[in-house]
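# A structural walkthrough
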Amino acid sequence: MTAPLAVGDVIHGFAHGAFGRDHYHCVRIEAVGPDWIVARDPDRDDEGGPSFTSGRQALELCQDARDEPCPNDDPCPLRASSGGNPLTSRTPGT
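Residues numbered from 1 in each chain as written. Predicted model: local features only at pLDDT ≥ 70, side-chain atom pairs only at ≥ 80, totals over all residues. Heavy atoms only, no water.

Considering all chains together, one arrives at one aromatic pair under this definition. When the ring of F14 is compared with that of Y24, the centres are 5.7 Å apart and the planes differ by 20 degrees; the resulting orientation is stacked. With F14 in the loop between β1 (10-11) and β2 (27-32) and Y24 in the loop between β1 and β2, the pair connects residues that are 10 residues apart, well separated along the chain. (Phe/Tyr/Trp six-rings, centres within 6.5 Å; stacked < 30°, edge-to-face > 60°. Helix = DSSP H or I, 4+ residues; strand = E, 2+ residues; numbered from the N terminus.)

And the structure:
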């Protein structure tokens, strides 16, 4: 059984199209709901903000991309870093 997506998980690269055709960079999950996630790379300001996806099929694609090796770098820059200092006072998972 695949682990559920959680705040802090890194989704690698294209994510099998879960975020759309023009999404190619790795992102870290920042918020989760019952059938949706919001993710972004806090170090990239050129992409226009966070990535959002929803629905069972898209989330299963994200699980697959999370569990696979990063296609962009080895090691993935997001996985290798702690994400830097928090940008808000909200604790992940709360």
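Moving on, we get to the nonpolar core. With 13 residues, the main nonpolar core has L5, I11, A15, F19, I29, I37 and C62 as its most contacted residues. Counting residues per element, the ones that place at least two in this core are β2, β3 (36-40) and α1 (56-67). The leading source of residues in this core is α1, at four residues. Setting aside anything within four residues of it in sequence, one finds A15 in contact with L61 and A65. Counting five residues, the second-largest nonpolar core is a separate cluster that includes V10, C26, C70 and C76. (Core = buried A, V, L, I, M, F, W, Y, C linked by side-chain atoms within 4.5 Å. Buried < 20%, exposed > 50% of the residue type's maximum accessible area, 1.4 Å probe, protein only. Contact = heavy atoms within 4.5 Å.)

With that settled, the discussion passes to the pattern of salt bridges. Close approach of charged atoms lets side chains of opposite charge pair. For the structure shown, the criterion picks out four salt bridges. Among the salt bridges present, the one from R66 reaches D9, with a minimum N-O distance of 3.1 Å. One end of the pair, R66, is in helix α1; the other, D9, is in the segment before β1, with 57 residues separating them in the sequence. Like R66, the residue D9 is buried in the burial classification. For D67, the salt bridge identified is with R66, shortest N-O distance 2.8 Å. On the accessibility criterion, R66 (7% relative accessible area) is buried. What you see here is one network of salt bridges that share partners, running through D9, R66 and D67. (Salt bridge = Lys/Arg side-chain N within 4 Å of Asp/Glu carboxyl O.)

Right, let's talk about the side chain of R28 for a bit. Along the chain, R28 falls in strand β2. No salt bridge is formed by the buried R28, whose closest oppositely charged neighbour, D41, lies at an N-O distance of 6.5 Å. Within the local environment of R28, its side chain forms a polar contact with the backbone oxygen of L78, the two atoms lying 2.3 Å apart. (Lys, Arg positive; Asp, Glu negative; His and termini not counted. Polar contact = N/O pair within 3.5 Å; in protein donor to acceptor, adjacent residues only side chain to side chain.)

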